[in-house]
Amino acid sequence: MNIRQAFKMSFKAIFGNKVRSFLTMLGVMIGVASVVTLVSLVQGMQNQMEEQLKKMGTNKIDVWINVWNGRDISQEMYAHCMNMDGVVGVTPNVTYGAQRFKYKSKVLQNIQVNMGSDQFSICNNYEIEFGRDISYMDVNRYERVVVLGAGLRDELFDYQDPIGKMVMIDGQVFTVIGVYKNKFELSDGYYNEFDKVAVVPYTMNRILLKSRQISQFTVKATDPDKTKTAIEDLKTFLRPKFTNEWDYNIYSQNEQIESSDEYARTMSLILGGIAAISLLVGGIGIMNIMLVTVTERTREIGIRKAIGAERRSIIMQFLFESGVISMIGGMIGVLIGFLLTLVLGKVFWKITVFPAVSITVIAVVFSVALGVLFGLYPAAKASKLQPVVALRAE
């Protein structure tokens, strides 16, 4: 028996009893659909998270000073970082929650105000849409200027040109000099929090916070390798300035991306393993049905063996039949998983997720292999039947 004949006989047997074949495939269909859907959704969420983290800025190093010893190290930090290999920018990054952000009669509350240097945009992946950015002179001259995020501009100015307009931040007057480009796409008409920010020179902390303390810095490296080197360099720089190592923290955005990647891989394995259990159940179902099929077709097997069919031909016939059942079930399962992934991604997370080609291929191949594996015992049993005994079967 050649492969073409084996496929032809398999399809004839499967479509000759459609209801039973469909019920046999059902376990495989559910298993493959579950694996494709769950793993794809986890990967889709991970991809979205990574995209957002990258928009916030990769190769960033955040430095937190936990203990204030009355010493302003911002100038020392700037000088040291700009002499480091692979570092493209450094900025204080003090965050302040403004209770009243006002333009004329319009007042917004709890607006995030970041205090940074002329390198704030470089370090945090912001780009100027129009106007200008904070300059080195603005910082040194204590200029009361502010750059707005796209979301804050739209909410406060109703899409008008804000350049040169005066705004009040908790009673202090600032001049708008620029607007950042939108970082994130609108979601149901709402801006992401990173597009609803205002940035002022960090020297304004003396006015807005009534303090000279700079407790947070952001350093930008050129690539992941330089980021790791810069972290070690910063630890060496800060260690002699503080009594204890827990007086400061150094953290890289890349570490969060790596942690989320590891978490996604673990979740994919766990969820994929749970879903694969239904595939095993489907395989057991195939074995049961194939055993029933062998019993039903005992006389057919006896006739074939009586006219000279070899054991190999009998085994091939039943293995192909179980493999084709699994393959069709796997392909239908992939289609169901594809549709479920699209629907659930939109319903729960408002994202469009497409299953990866590798996942779908692995799912189908695994289902076919499972069908062949669980078809081995019925096929071997059929091939061992004695022609005389098989021909006497009713």
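The structure this text deals with has already been given above.
A. Quick look at the overall build of the protein chain. Within the protein chain, the secondary structure is distributed over 13 helices and 13 strands. A compact globule built from 394 residues would reach a C-alpha radius of gyration of about 21 Å, whereas the protein chain, at 33 Å, exceeds it by more than 25%. Taken along its principal axes, the extent of the C-alpha atoms in the protein chain is 105 × 50 × 30 Å. Looking at the protein chain residue by residue over its 394 residues, the buried ones come to 44%. For the protein chain, contacts bridging at least 24 residues in sequence account for 80% of all contacts bridging at least 6. Summed over its atoms, the accessible surface of the protein chain is roughly 20,100 Å², and 60% of this surface lies on carbon and sulfur atoms. Put simply, the protein chain has 42 plus and 36 minus side-chain charges, and the middle of one group is 10 Å from the middle of the other.

B. Region of interest: helix 8 (residues 224–238). The terminal C-alpha atoms of helix 8, which comprises 15 residues, lie 21 Å apart, in line with the 21 Å expected from a rise of 1.5 Å per residue. Those residues of helix 8 that sit buried are Thr227, Ala230, Ile231, Leu234, Phe237 and Leu238. Taken end-on, helix 8 shows its buried residues confined to a sector of 125°, consistent with a single buried face. In helix 8, the exposed residues that point more than 90 degrees away from the buried face are Asp225, Lys228 and Thr229. In this structure, the buried side of helix 8 is in contact with strand 1 (60–65), helix 3 (74–82), strand 2 (87–92), strand 12 (216–221), strand 13 (248–252) and helix 9 (253–296). If you check the start of helix 8, you find a side-chain oxygen 3.0 Å away from the backbone N of aspartate 225, and it comes from aspartate 223.

C. Looking closely at the sheet that holds strand 1. The strand order across the open sheet built from four strands is 2-12-1-13, with neighbouring strands paired in antiparallel fashion. Strand pairing shows two members of the sheet lacking a second neighbour, strand 2 and strand 13, which therefore form its edges. With direction set aside, neighbouring strand axes in the sheet form an average angle of 15°. Bridge analysis of strand 2 against strand 12 gives five bridges, and the strand direction is antiparallel. What sits directly across from glycine 89, in strand 12, is lysine 220. Seen against the sheet, helix 3 touches strand 1, strand 2 and strand 12 and runs at an angle of roughly 170° to strand 2. Sheet contacts for helix 9: strand 1 and strand 13; angle to strand 13, the most-contacted strand, approximately 60°.

D. Structural detail: the pairing of strand 13. The alternating pattern of strand 13 places Tyr248, Ile250 and Ser252 on a buried face, while none of Asn249 and Tyr251, on the opposite face, is buried. Here strand 1 pairs with strand 13 via five bridges, running antiparallel. Paired with isoleucine 61 across the bridge in strand 13 is serine 252.

E. Structural detail: the side chain of glutamine 119. Note on placement: glutamine 119 falls in the loop between strand 6 (111–116) and helix 4 (120–124). In this structure glutamine 119 comes out as buried when scored by relative accessible area, which is 7%. A polar contact is formed between the side chain of glutamine 119 and the side chain of tyrosine 78, at a distance of 3.5 Å. Excluding residues within four positions of it along the chain, glutamine 119 makes contact with Tyr78, Met82, Val88, Gly89, Val90 and Thr91.

F. How the structure looks around the packing of aromatic side chains. According to the stated counting rule, one finds eight aromatic pairs in the structure shown. Seen in terms of ring centroids, phenylalanine 7 and phenylalanine 11 are 6.4 Å apart; in terms of plane orientation they differ by 25°. Their pairing is stacked. Of this pair, phenylalanine 7 and phenylalanine 11 both sit in helix 1 (residues 3–16), separated by four residues, roughly a single helical turn. A relative accessible area of 31% means that phenylalanine 11 is categorised as partly exposed. Between the aromatic rings of phenylalanine 242 and tyrosine 248, the centroid separation amounts to 5.6 Å while the plane-to-plane angle is 45°, which identifies the pairing as tilted.

G. How the structure looks around the pattern of salt bridges. Per the counting criterion, the structure on display carries 14 salt bridges. Ionic pairing is found between glutamate 232 and lysine 235, a salt bridge with its closest N-O pair at 4.0 Å. Of the two residues, glutamate 232 and lysine 235 are both situated in helix 8; the distance of three residues between them amounts to about one turn of the helix. For glutamate 232, a relative accessible area of 47% corresponds to the partly exposed category.

H. Structural detail: unusual backbone geometry. Its identity as a non-glycine residue notwithstanding, asparagine 125 has a phi of 60°, on the positive side. Not every positive phi belongs to a glycine, and tyrosine 142 is a case in point at roughly 55°. One can find tyrosine 142 in the loop between helix 5 (136–140) and strand 8 (145–148).

I. Seen up close, the packing of helix 3 against helix 8. For the pair helix 3 and helix 8, interaxial distance at closest approach is 11 Å and the crossing angle is 140°. Our classification of the angle between helix 3 and helix 8 gives oblique. The two elements helix 3 and helix 8 meet at a crossing, and its hand is right-handed. Contacts between helix 3 and helix 8 involve Glu76, Met77, His80 and Cys81 from the former and Asp233, Leu234, Phe237 and Leu238 from the latter. Along the lines of polarity and charge, the residues of the contact of helix 3 with helix 8 split into five nonpolar, one polar and two charged.

J. Representation of the pairing of strand 6. Buried residues dominate strand 6, accounting for five of its six residues. As judged from the five bridges shared by strand 6 and strand 11 (residues 197–201), these two strands associate in the parallel manner. From the neighbouring strand, glutamine 112 faces strand 11, where its bridge partner is valine 197.

Criteria and thresholds
- Residues numbered from 1 in each chain as written.
- Predicted model: local features only at pLDDT ≥ 70, side-chain atom pairs only at ≥ 80, totals over all residues.
- Heavy atoms only, no water.
- Helix = DSSP H or I, 4+ residues; strand = E, 2+ residues; numbered from the N terminus.
- Rg over C-alpha atoms; globule rule 2.2 N^0.38 Å.
- Buried < 20%, exposed > 50% of the residue type's maximum accessible area, 1.4 Å probe, protein only.
- Contact = heavy atoms within 4.5 Å.
- Areas by Shrake-Rupley, 256 points an atom, 1.4 Å probe, with all protein chains shown as cover.
- Lys, Arg positive; Asp, Glu negative; His and termini not counted.
- Charge placed at Lys NZ, Arg CZ, Asp CG, Glu CD.
- Expected span 1.5 Å × (residues − 1).
- Arc of directions from axis to C-beta.
- Polar contact = N/O pair within 3.5 Å; in protein donor to acceptor, adjacent residues only side chain to side chain.
- Pairing = 2+ DSSP bridges.
- Axes fitted to C-alpha atoms, helices over the stretch in contact; angles between N-to-C directions.
- Phe/Tyr/Trp six-rings, centres within 6.5 Å; stacked < 30°, edge-to-face > 60°.
- Salt bridge = Lys/Arg side-chain N within 4 Å of Asp/Glu carboxyl O.
- Parallel < 35°, antiparallel > 145°, perpendicular 65-115°, else oblique.
- Left-handed = near helix turned anticlockwise from the far one by under 90°.
- Nonpolar A, V, L, I, M, F, W, Y, C, P; charged D, E, K, R; others polar.

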